[in-house]
Amino acid sequence: MSAKSTIVLVTGGAGFLGSHLCDLLLAQGRRVICVDNLETGDARNVEHLGGDDFAFIRHDVVEPLEFAEEVDVVYHLATPASPDHYQRHPLAAMKVALYGTQAMLEFAKTKRARFLLASSSEVYGDPQVHPQPETYCGNVNPLGPRSPYGEGKRYAEAMTIVYRREGLDTAIARPFNVYGPRMSPNDGRVVPSFLRQALPGQPLVVFGDGSQTRSLCYVDDLVRGLVLLAESDEHDPVNLGNPGAVTMLELAESVLRTTGSASGIVFEPLPVNDPKRRCPDITRAIERLGWRPSVPLEEGIRRTAAAASVPRGSRA
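Residues numbered from 1 in each chain as written. Predicted model: local features only at pLDDT ≥ 70, side-chain atom pairs only at ≥ 80, totals over all residues. Heavy atoms only, no water.

1. Some words on the environment of Gly-244
Move 1: Structurally, Gly-244 can be placed in the loop between strand 11 (237–240) and strand 12 (245–247).
Move 2: In this structure the C-alpha to C-alpha distance between Gly-244 and Pro-83, which are 161 residues apart in sequence, comes to 23 Å. (Helix = DSSP H or I, 4+ residues; strand = E, 2+ residues; numbered from the N terminus.)

Spelled out as structure tokens, the structure:
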């Protein structure tokens with residue numbers, strides 16, 4: 001794409017990641033159409049948005065979407081990304097990955113729009129290659145408790161590639177462990193879990209011995225990468241994440257230090273199929289998009305903790 005898009009549609013736009021993407025796109029002068037069924041999204045995430053350049057459509061992406069307005073880019077973010085949610089509702093998660101992705105690909109095809117799939121580092125499973133380049137095919141357990149999400153994302157990528165071969169303009173982003181304000185405290189992912197425990201002074205629960213690593217990318221950096229990818233001519237999958245891995249014990253200690261919490265740390269058994277190491281090779285993002293993350297971990301935790309301490313709906 002040689003010119004910046006002017007009209008964009010964001011599925012899952014009232015979710016954690018989608019709402020921050022809507023913020024950035026509006027700040028860049030785009031017209032944004034936010035689509036969400038509010039099953040896992042939250043209307044409060046976009047209640048501050050309004051005006052002629054923003055529209056909200058309550059819709060389940062599993063069903064065909066029809067409206068007359070032209071669209072330049074479809075950002076397909078709709079997915080139940082919380083481990084707690086997709087493990088409680090695995091069939092619903094699979095339906096969104098399969099039928100929702102196909103429905104939005106058909107929508108993009110009808111509009112002749114560029115289609116960006118927000119996939120996930122979960123396509124790598126418990127990787128045997130470190131860090132993970134986009135060429136690595138992964139080590140996913142199709143029968144494990146994480147499979148509704150991991151295999152769903154792998155299928156969504158396969159479907160996106162098929163549409164690409166049939167002539168649709170597509171892109172695939174693979175985010176790694178995004179965190180930031182607006183994540184539900186009961187999300188099940190590590191940063192909101194630690195903050196939910198640290199802020200009221202409860203012990204932080206570290207699974208295993210805490211030596212497993214994650215790559216944590218602040219949400220502002222991630223959505224900037226999504227827009228750069230959508231506005232590029234890139235079609236291959238692109239990792240978007242922080243190449244600086246941190247152990248879960250180090251993260252717990254960082255959360256305690258940043259929040260000033262007097263909480264202790266307790267250890268519990270490692271969950272089934274929990275990846276031991278997850279870290280992106282971002283060479284492709286650097287070379288093809290000129291993107292790399294810039295927000296340091298403790299600064300991102302500070303911003304996230306500050307937002308978590310303010311009641312939802314407050315203007316403070």
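2. Comments concerning the sheet that holds strand 11
Move 1: Taken together, 7 strands build an open sheet; the order of strands is 3-2-1-4-5-6-11 and the sheet is parallel. On the outer flanks of this sheet lie strand 3 (54–58) and strand 11, each paired with one strand and no other. The sheet shows a mean angle of 20° between the axes of neighbouring strands, taken without regard to direction.
Move 2: The pairing of strand 1 (residues 7–11) with strand 4 (residues 73–76) spans 4 bridges and is classified as parallel. Following the sheet pairing, Val-10 is matched in strand 4 by Tyr-75. (Pairing = 2+ DSSP bridges. Axes fitted to C-alpha atoms, helices over the stretch in contact; angles between N-to-C directions.)

3. A few points about the pattern of salt bridges
Pairing is possible between side chains of opposite charge, provided their charged atoms come close.
Move 1: Taken as a whole, this structure holds 19 salt bridges when the rule is applied.
Move 2: Among the salt bridges present, the one from Arg-44 reaches Asp-42, with a minimum N-O distance of 2.8 Å.
Move 3: Overlapping salt bridges bring together Asp-220, Glu-299, Arg-302 and Arg-303 as one network. (Salt bridge = Lys/Arg side-chain N within 4 Å of Asp/Glu carboxyl O.)

4. Brief notes about the packing of helix 5 (residues 190–198) against helix 7 (residues 248–259)
Move 1: Packing of helix 5 against helix 7 brings their axes to within 10 Å, and their N-to-C directions diverge by 45°. Classified by the interaxial angle, the pair formed by helix 5 and helix 7 is oblique. In terms of crossing hand, the pair formed by helix 5 and helix 7 is right-handed. Contact residues: helix 5 offers Val-190, Val-191, Phe-194, Leu-195 and Ala-198, while helix 7 offers Met-248, Leu-251, Ala-252, Val-255, Leu-256 and Thr-259.
Move 2: When its residues are assigned to classes, the contact of helix 5 with helix 7 shows 10 nonpolar, 1 polar and no charged. (Parallel < 35°, antiparallel > 145°, perpendicular 65-115°, else oblique. Left-handed = near helix turned anticlockwise from the far one by under 90°. Contact = heavy atoms within 4.5 Å. Nonpolar A, V, L, I, M, F, W, Y, C, P; charged D, E, K, R; others polar.)

5. Some remarks on the side chain of Gln-197
Move 1: Following the sequence through the fold, Gln-197 ends up in helix 5.
Move 2: In this structure Gln-197 comes out as buried when scored by relative accessible area, which is 9%.
Move 3: At a separation of 3.0 Å, a polar atom in the side chain of Gln-197 contacts the main-chain amide nitrogen of Val-205.
Move 4: When residues no more than four places from it in sequence are discounted, the contact partners of Gln-197 are Gln-202, Pro-203, Leu-204, Val-205 and Ser-263. (Buried < 20%, exposed > 50% of the residue type's maximum accessible area, 1.4 Å probe, protein only. Polar contact = N/O pair within 3.5 Å; in protein donor to acceptor, adjacent residues only side chain to side chain.)

6. Details of the packing of aromatic side chains
Move 1: If you walk through the whole model with that rule in mind, you get 5 aromatic pairs.
Move 2: Between Phe-67 and Phe-107, the ring centres sit 5.5 Å apart and the planes meet at 35°, which makes this aromatic pair tilted. Within this pair, whereas Phe-67 is found in the loop between strand 3 and strand 4, its partner Phe-107 is found in helix 3 (residues 90–111), the two being separated by 40 residues in sequence.
Move 3: We classify Phe-107 as buried; its relative accessible area is 4%.
Move 4: Centroid distance Tyr-124 to Tyr-136: 6.0 Å. Interplanar angle 20°. Geometry classified as stacked. One end of the pair, Tyr-124, is in the loop between strand 5 (114–118) and helix 4 (147–165); the other, Tyr-136, is in the loop between strand 5 and helix 4, with 12 residues separating them in the sequence. The exposure classification of Tyr-124 matches that of Tyr-136, with both residues buried.
Move 5: By way of ring pairs, the aromatic residues Tyr-124, Tyr-136 and Phe-176 are connected into one cluster. (Phe/Tyr/Trp six-rings, centres within 6.5 Å; stacked < 30°, edge-to-face > 60°.)

7. A few points about unusual backbone geometry
Move 1: The omega angle of the peptide bond from His-130 to Pro-131 is -15°, so this bond is cis rather than trans.
Move 2: Counting through the fold element by element, Pro-131 comes out in the loop between strand 5 and helix 4.
Move 3: A positive phi angle is found at Leu-38, which is not glycine, with a value near 65°.
Move 4: Here Leu-38 shows up in the loop between strand 2 (31–36) and strand 3.
Move 5: Owing to a relative accessible area of 22%, Leu-38 belongs among the partly exposed residues under this scheme.

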